[in-house]
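Here is how the chains run, residue by residue.
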Protein chains: 2
Amino acid sequence: MNKMEILKKAFDETSYQLSGHGPRNAKVLKQAFQEIDEDTKSDIYGTGAAINDFEEKMASFLGKKKAVFFPSGTMAQQIALRIWCDEKELAKVAYHPLSHLEIHEEGGLKKLHGIETVLLTDRNSIIQLEDIKTMSGDVACVLLELPQREIGGQLPDYETLAAISEYCREKDIRLHLDGARILETLPFYKKSIEEICSLFDSVYLSMYKGIGGIAGAILAGNDDFIKESKVWKKRHGGDLISLYPYIFTADYYFELRKDNMADYYEAAKELSAKYNSCEGISTLPEVPVSNMFHVHIDKPKEQAAEILAEVQQESGIGLTGYVREINDGSCYYEVSLGDSYAGVPQDKVEFAFRLLDEKLKA
Amino acid sequence: MNKMEILKKAFDETSYQLSGHGPRNAKVLKQAFQEIDEDTKSDIYGTGAAINDFEEKMASFLGKKKAVFFPSGTMAQQIALRIWCDEKELAKVAYHPLSHLEIHEEGGLKKLHGIETVLLTDRNSIIQLEDIKTMSGDVACVLLELPQREIGGQLPDYETLAAISEYCREKDIRLHLDGARILETLPFYKKSIEEICSLFDSVYLSMYKGIGGIAGAILAGNDDFIKESKVWKKRHGGDLISLYPYIFTADYYFELRKDNMADYYEAAKELSAKYNSCEGISTLPEVPVSNMFHVHIDKPKEQAAEILAEVQQESGIGLTGYVREINDGSCYYEVSLGDSYAGVPQDKVEFAFRLLDEKLKA
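Residues numbered from 1 in each chain as written. Chains lettered and ligands numbered in written order. Predicted model: local features only at pLDDT ≥ 70, side-chain atom pairs only at ≥ 80, totals over all residues. Heavy atoms only, no water.

A. Region of the structure containing the interface of chain B and chain A. In this assembly, 47 residues from chain B lie in contact with 47 residues from chain A. For the pair chain B and chain A, the two sides together bury roughly 4000 Å², of which 59% comes from carbon and sulfur. Of all residues in chain B, the largest losses of buried area upon contact with chain A belong to Glu38(B), Leu112(B) and Arg235(B), amounting jointly to 17% of the total for that side. Our count for the chain B to chain A interface comes out at zero salt bridges. Secondary-structure elements contributing two or more residues to the side of chain B that touches chain A are α2 (26-33), α4 (73-88), α6 (108-113), α11 (223-235) and α12 (244-257) of chain B. Considered class by class, the residues forming the side of chain B that touches chain A number 21 nonpolar, 13 polar and 13 charged. (Contact = heavy atoms within 4.5 Å. Buried area = accessible area lost by both parts, 1.4 Å probe. Salt bridge = Lys/Arg side-chain N within 4 Å of Asp/Glu carboxyl O. Helix = DSSP H or I, 4+ residues; strand = E, 2+ residues; numbered from the N terminus. Nonpolar A, V, L, I, M, F, W, Y, C, P; charged D, E, K, R; others polar.)

Take a look at the structure:
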């Protein structure tokens, strides 16, 4: 095994993990379905109580007129942008250079929808009003991802959001929220989900980040937008005969976890402080604004992997199963707090961080 | 309630249904997952044993090099055609006028992939070699749907298939199998699945027709084709973090039903004969060549619905929950045989058909 494989194995064999909600295994499904009666009818191609009840519930929760359940956020967001582009007859949108659509979707937005993109700001910054005011050319829609995942889950302040929203309305630019992790930001913003969503014309929410379902996404907006999004959902091959395996689990874990986001946020602040007290480690952001942050280590990837593997083997505490290179001398990994953290004995956590600090100093 | 709603309700309230594998409810999932250990790991974005084992199994079953699991056939088939079009740098394919891609996908192939279509033969015929030889212009790929679902599940004979395959290879036209229901045709063709699939460059198989899973599809072909199809799967938003709810159920019902297709075929022939003995009813095809057929009734839709509702209310035997208009004086519905038929008491079936015949004569 190479050092990366050893790190993965060391993490997989730990007794406790600091991130997440626990392993992604069949228990996630079986636990949710324990409560579902065998006679409960499947949704059929987007119709039936199994899907429509949850769509209505989520529309109401987000403060939007309508919502539609999608198998994936990738599909939901491409479609949202396509609808706004068609409305304005302008196949151009603007988003962050590290948007999911730009770096994780094999260019689907361009290759399937022929939509051009304007990249706002530089890779390591968050989007400000000025970036939108000074972008080159017209766009049909601006997409904001809150928090900006690929740079550690950073956020603009609420006033910036409100100003961007106002500007886009003035200029007749649609504003779409990549809110995969939007629930996780509410404790920082100290705002209701409806308040945040009211700033946007359309909103996407993931069912498996903070909520911890199996897969799936909600797209919400006005009546015409949602009607059109269902047509595109069929075109994309997302209008499955049955989506209930994802819907019932999404609903179950939504109820279980929607009110836990403040706990995850506090845990993230606590854990990031532990990381920042270690030699040669800094977190991004330094103080988290949601349940997530990135851990930056001032060591080459291989060396950091070796240390992290040892710490995990010796402490039984799972920190990470991977590291990614930033440059020759540094690397990083992502941490997202969920249910698991509260169940980890604090003395073992302290021991792990003492070990980590010692090994980094050595 | 109008007559169509009464018909739907009458069907839903019957004790026995002649079609299908039983109700589409949560039991379908729960039964399959009873056998799955809670610790079984999820697939992760197309990787892991949960998805790769089943893909390998299905590739081998179909006699193809590789296979990939898709959330839907709509997605799988658009992607198959796109790959063949890109390969030939010609965005044009040929298929039947009632192909799923032409009538049930909101024009996804055209709107997402910009692929033009040539419609082979007329709506009520099956595609013959001559239709392909005489079509206007070049195409990258011909899609054959076996059986041709929208005309009652008709089939060309095997010699025609073999001749079409040979012709397409000569002319460097790729041949794709819309084999959503291909397993259901094997008892008629008296061929192995590998023999049928060997005639085609790419093959799609549905997980929820004869197999009776929840949703999902397999696309199979050569190495490069499958590699490329995974890239497009991500672009379409089909590369979900977890597809295991569909995969484990597909595998469970595949094992349960793959060898039952001859029974469903015999049942279809038996049941179609009962229909054909009724006044003013004919089935298409007259003698089924798979587990399916269409029931044509020489009565206006509303009148037929009323009679069918009465028969179902009086007999407790479920025939259909809908009828579709052909013209002012006739209508039809589809019948697909599955596990349910064998469990229906034959004396009740006879009684239902006597009632149906009487009411049609009245």
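B. View of the relation of the copies chain B and chain A. The transformation that overlays chain B on chain A combines an axial shift of 0.0 Å with a rotation of 180°, and the residual RMSD is 0.0 Å. The superposition of one copy onto the other is thereby described by a two-fold rotation axis. Closest approach to the rotation axis among the C-alpha atoms of chain B is made by Leu112(B), whose C-alpha sits 2.5 Å away. The overlap is high: 100% of the interface residues of chain B also sit at the interface in chain A, so the same surface is used on both sides. (Least-squares fit on C-alpha atoms with pLDDT ≥ 70 in both.)

C. Quick peek at the pattern of salt bridges. Residue and element names in this part refer to chain A. Summed over the entire model, instances satisfying the criterion amount to 40 salt bridges over all chains. A salt bridge links Lys359 to Glu310, with the nearest nitrogen and oxygen atoms 3.1 Å apart. Linking Lys359 in helix α15 (residues 346-361) with Glu310 in helix α14 (residues 301-315), this pair joins segments that are 49 residues apart in sequence. For Lys359, a relative accessible area of 17% gives the class buried. Taking the relative accessible area as the measure of exposure, Glu310 reaches 27% and is therefore partly exposed. (Buried < 20%, exposed > 50% of the residue type's maximum accessible area, 1.4 Å probe, protein only.)

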